[in-house]
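# Inside the fold
Single-letter residue listing:
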Amino acid sequence: MLEGRKFDLCRYYSDNISVFVDGTKKNGDLYLILQIVDTINKDSKYQTFIFPKDTFKNICQGHKISWFIQKYYGLTGITALINYCKDNNLSYKIVKEKLL
């Protein structure tokens, strides 16, 4: 499943901010990079979410990546994904201001 290839989870544009979430799978782990761009001040903030292989398997429950993208796409997708992990005691890590 898309090992090493990027996929989009969010592309949002407004007058003040733009939000992008890109995902990739590396060594079985899921990496999501969230970028928030202040379009007025030209400032960007990054967060990288790392979901270990076992967590990612639990999230997908045997579904294909297209199911995952459809379920967690958009501005509310990353929040829904984090809430799912919290509700089910699934591990993940957040790395701020760092691109992997």
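Structure: above.
Residues numbered from 1 in each chain as written. Predicted model: local features only at pLDDT ≥ 70, side-chain atom pairs only at ≥ 80, totals over all residues. Heavy atoms only, no water.

## Some details on the packing of aromatic side chains
- Applying the stated criterion across every chain yields a total of six aromatic pairs.
- Judged by centre distance (6.5 Å) and plane angle (90°), the ring pair of W67 and Y72 falls under edge-to-face.
- For W67, a relative accessible area of 25% puts it in the partly exposed group. (Phe/Tyr/Trp six-rings, centres within 6.5 Å; stacked < 30°, edge-to-face > 60°. Buried < 20%, exposed > 50% of the residue type's maximum accessible area, 1.4 Å probe, protein only.)

## Focus on helix α3 (residues 77-87)
- Taken together, the buried positions of α3 are occupied by G77, I78, L81, I82, Y84 and C85. Across the axial projection of α3, the buried residues extend over an arc of 155°, all falling on one side. Facing away from the buried side of α3, by more than 90 degrees, are the exposed residues K86 and D87.
- Buried residues in α3 make contact with β3 (29-38), β4 (43-51), α1 (53-60) and α2 (65-72).
- Downstream of α3 by a residue or two, N89 has a phi angle that is positive, lying close to 50°. (Helix = DSSP H or I, 4+ residues; strand = E, 2+ residues; numbered from the N terminus. Arc of directions from axis to C-beta. Contact = heavy atoms within 4.5 Å.)

## Some details on the pattern of salt bridges
- Across all of its chains, the model carries three salt bridges by this definition.
- The salt bridge partner of R11 is D8, with a shortest N-O separation of 2.9 Å.
- For R11, a relative accessible area of 31% translates into the label partly exposed.
- One salt bridge in this structure joins R11 and D22, with 2.4 Å as the shortest N-O distance. Note that R11 is positioned in strand β1 (residues 7-13) and D22 in strand β2 (residues 17-26), a separation of eleven residues in sequence.
- By relative accessible area, D22 is classed as partly exposed at 22%.
- Through salt bridges with shared partners, one network takes in D8, R11 and D22. (Salt bridge = Lys/Arg side-chain N within 4 Å of Asp/Glu carboxyl O.)

## Observations regarding the side chain of Q35
- In this fold, Q35 is placed in strand β3.
- Only 3.1 Å separates the side chain of Q35 from the side chain of Y46, close enough to count as a polar contact.
- Ignoring anything within four residues of it in the chain, the contact list for Q35 reads S18, V19, F20, S44, K45 and Y46. (Polar contact = N/O pair within 3.5 Å; in protein donor to acceptor, adjacent residues only side chain to side chain.)

## Examining a nonpolar patch on the surface
- Taken together, Y12, I17, I36 and L75 make up a surface patch of nonpolar side chains, about 300 Å² in accessible area.
- Tracing the chain through its elements places I17 in strand β2.
- Of the residues examined, I17 reaches a relative accessible area of 33% and is grouped as partly exposed. (Patch = residues over 30% accessible without salt bridge, like charges linked within 9 Å, V, L, I, M, F, W, Y side chains within 5 Å. Areas by Shrake-Rupley, 256 points an atom, 1.4 Å probe, with all protein chains shown as cover.)

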